[in-house]
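Summary of the model geometry
The residues making up each chain are set out below.
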Amino acid sequence: MATIQSSNSKLFFSNYLQSLSQTPHRLRKRMLATWTPDQELNQVRLRSGADMKRKLRWYDLVALGIGGMLGVGVFVTTGPVARNNSGPSVFISYIIAGISALLSSLCYTEFSVQIPVAGGAFSYLRVTFGEFVGYFAGANILMEYVLSNAAVARSFTEYLCSAFGVNDPNSWRIEVHGLLKGYNNLDFTAVALVLLLTLCLCHSGSVENLVKPGGLAPNGIRGVLDGAAIVYFSYIGYDSVSTLAEEIQNPPVSLPVGIVGSVLIVSALYCLMALALCMMVPYNQIAAKASYSMAFQNIGWKWAGNVVGAGASLGIVASLLVAMLGQARYLCVIGRARLVPSWLSKVHPSTGTPLNATLFLDFSSSKAF
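Residues numbered from 1 in each chain as written. Predicted model: local features only at pLDDT ≥ 70, side-chain atom pairs only at ≥ 80, totals over all residues. Heavy atoms only, no water.

1. Side note on the overall build of the protein
Each helix and strand in the protein was counted, giving 14 helices and two strands. The proportion of buried residues among the 369 residues of the protein is 49%. A total accessible area of about 17,600 Å² is found for the protein, and carbon and sulfur atoms account for 66% of it. (Helix = DSSP H or I, 4+ residues; strand = E, 2+ residues; numbered from the N terminus. Buried < 20%, exposed > 50% of the residue type's maximum accessible area, 1.4 Å probe, protein only. Areas by Shrake-Rupley, 256 points an atom, 1.4 Å probe, with all protein chains shown as cover.)

2. Side note on the UniProt feature "transmembrane region" (unreviewed entry) in the protein
UniProt records the feature "transmembrane region" (unreviewed entry) for residues 58-79, 91-111, 123-143, 188-207, 219-238, 258-283 and 303-326 in the present numbering. Along residues 91-111, the helical share is 100% and the strand share 0%, with 30 Å between the first and last C-alpha atoms. For residues 258-283, helix accounts for 88% and strand for 0%, while the C-alpha atoms at its two ends are 34 Å apart. (UniProt positions renumbered as here; feature names shortened; annotations may be inferred.)

3. Considerations on the nonpolar core
General note: in soluble globular proteins, nonpolar side chains tend to be found buried as a group. Counting residues in each nonpolar core, the largest one holds 76 residues, and the members touching the most others are Tyr-94, Tyr-235, Tyr-238 and Tyr-330. Excluding residues that lie within four positions of it along the chain, Tyr-330 makes contacts with Tyr-108, Ala-118, Gly-119, Gly-120, Ala-121, Phe-122, Ile-141, Leu-142, Tyr-145, Asp-239 and Thr-243. (Core = buried A, V, L, I, M, F, W, Y, C linked by side-chain atoms within 4.5 Å. Contact = heavy atoms within 4.5 Å.)

4. Remarks on the packing of helix 5 (residues 90-114) against helix 11 (residues 251-280)
Packing of helix 5 against helix 11 brings their axes to within 10 Å, and their N-to-C directions diverge by 175 degrees. By the angle between their directions, the pair helix 5 and helix 11 is classed as roughly antiparallel. Partitioning the contact of helix 5 with helix 11 into residue classes produces 22 nonpolar, five polar and no charged. (Axes fitted to C-alpha atoms, helices over the stretch in contact; angles between N-to-C directions. Parallel < 35°, antiparallel > 145°, perpendicular 65-115°, else oblique. Nonpolar A, V, L, I, M, F, W, Y, C, P; charged D, E, K, R; others polar.)

5. Section: the environment of Gly-98
Note that Gly-98 resides in helix 5. The contact partners of Gly-98, leaving out residues within four places of it in the chain, are Tyr-235, Val-263 and Ser-267.

6. Considerations on the packing of aromatic side chains
Under the defined criterion, the tally for this structure stands at five aromatic pairs. For the pair Tyr-108 and Tyr-124, a centre-to-centre distance of 6.0 Å together with 80 degrees between the ring planes defines the contact as edge-to-face. In this pair, Tyr-108 is assigned in helix 5 and Tyr-124 in helix 6 (residues 121-129), connecting sequence segments 16 residues apart. Overall, Tyr-108 belongs to the buried group, its relative accessible area being 14%. In this structure Tyr-124 comes out as buried when scored by relative accessible area, which is 4%. Among the aromatic residues, those joined into a cluster by ring pairs are Tyr-94, Tyr-232, Tyr-235 and Tyr-270. (Phe/Tyr/Trp six-rings, centres within 6.5 Å; stacked < 30°, edge-to-face > 60°.)

7. Concerning the packing of helix 12 (residues 291-298) against helix 13 (residues 302-336)
Between helix 12 and helix 13, the shortest axis-to-axis distance is 7 Å and the interhelical angle comes to 170 degrees. Viewed along their axes, helix 12 and helix 13 adopt a mutual orientation that is roughly antiparallel. Contacts between helix 12 and helix 13 involve Tyr-292, Ser-293, Phe-296 and Gln-297 on the former and, on the latter, Lys-302, Ala-304, Gly-305, Asn-306, Val-308 and Gly-309. Tallied by class, the residues present in the contact of helix 12 with helix 13 amount to four nonpolar, five polar and one charged.

8. Considerations on the pattern of salt bridges
For the coordinates displayed, the defined rule picks out three salt bridges. For Arg-222, the salt bridge is made with Asp-226, and the minimal N-O distance between the two is 3.9 Å. Pair noted here: Arg-222 and Asp-226 are both in helix 9 (residues 220-231), with a separation of four residues, about one helical turn. Arg-222 sits in the exposed class, given a relative accessible area of 63%. Residue class for Asp-226 comes out partly exposed when judged on its relative accessible area of 35%. Where Arg-329 meets Glu-247, a salt bridge forms, and the shortest distance between an N and an O atom there is 2.6 Å. Of the two residues, Arg-329 sits in helix 13 while Glu-247 sits in the loop between helix 10 (237-242) and helix 11, which places them 82 residues apart along the sequence. Of the two residues examined, Arg-329 and Glu-247, each falls in the buried class. (Salt bridge = Lys/Arg side-chain N within 4 Å of Asp/Glu carboxyl O.)

9. Looking at helix 6
For helix 6, the full list of buried residues reads Ala-121, Phe-122, Ser-123, Tyr-124, Arg-126 and Val-127. Phi turns positive one or two residues past the end of helix 6, at Gly-130, with a value near 110 degrees.

10. Observations concerning unusual backbone geometry
Unlike most non-glycine residues, Asn-250 shows phi in positive territory, near 60 degrees. Note that Asn-250 resides in the loop between helix 10 and helix 11. We classify Asn-250 as partly exposed; its relative accessible area is 46%.

Next comes the structure, spelled out in structure tokens:
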């Protein structure tokens, strides 16, 4: 009996060493492996077990794109960028970022029509450059989604406080001593919002404020470009729209209209809202947090600030919902490629949604608070 066990152990150890010696070759082969669009659409998609339900039309995509982008730009990035980078020329930063987003969205449109799968940029890169580049990009995009969701959800707390007339959002957070300052306030309101979404899956001002103090661009062209780089974060919603390719009726028509249409509409709204904010109060008096609510309070319209706080909270909810929807589909397709555990790729047969990926990522987002 002891002889048999010893023989089995030696055989196991020999097989293990043989497999280990083949790892560099297998890794190199996997890194350079590419898939054809036909394989991506048929063979790989079957690994999810069930198909996502095709119920969305072009106007649904436009609405989702606007909801996904508008909440972030208007209520999260505009105030800090106007105060710290661009000044009153923040609307120019939005124009520059909007043009960049439009050009990028045209690329997304072309790829999404040819490869209408839920993987977005991950699938496009995997087909073109191979699995290593696709995985590297997919991992970065997922990290961007998780961190941006955390930032947006924390902004929800700030605007919700404003809606109830509370000026200090940290009063709704729990301070943990011993953690690094700035990261030591646990935001359970934001956590509750993320968990809830998981289960559910204006006033004019003075033109003089645009040129006083410091002129239209107080920090020069560098400030405008720095602001454009930051507010580009507000356009991530169009990427989420491209991940819905497997749930769209007539993708060749609906995807271009949905992606490009939402970017154009949101760009115009961003510029108008940024102009309105900078006309209400001088840029150096814009609050870094809950900027629009504080702007109304600064001009004596406290009731309007409370209303804006409530409305902004709902806008942030919509933006967060679309982002959470997109990130789950990314992880689902990465699971189909077997670059993460394959159970994350499973689509629930009754709901037609990537249930495992949704629960896993939303739990990860909650831990980011």
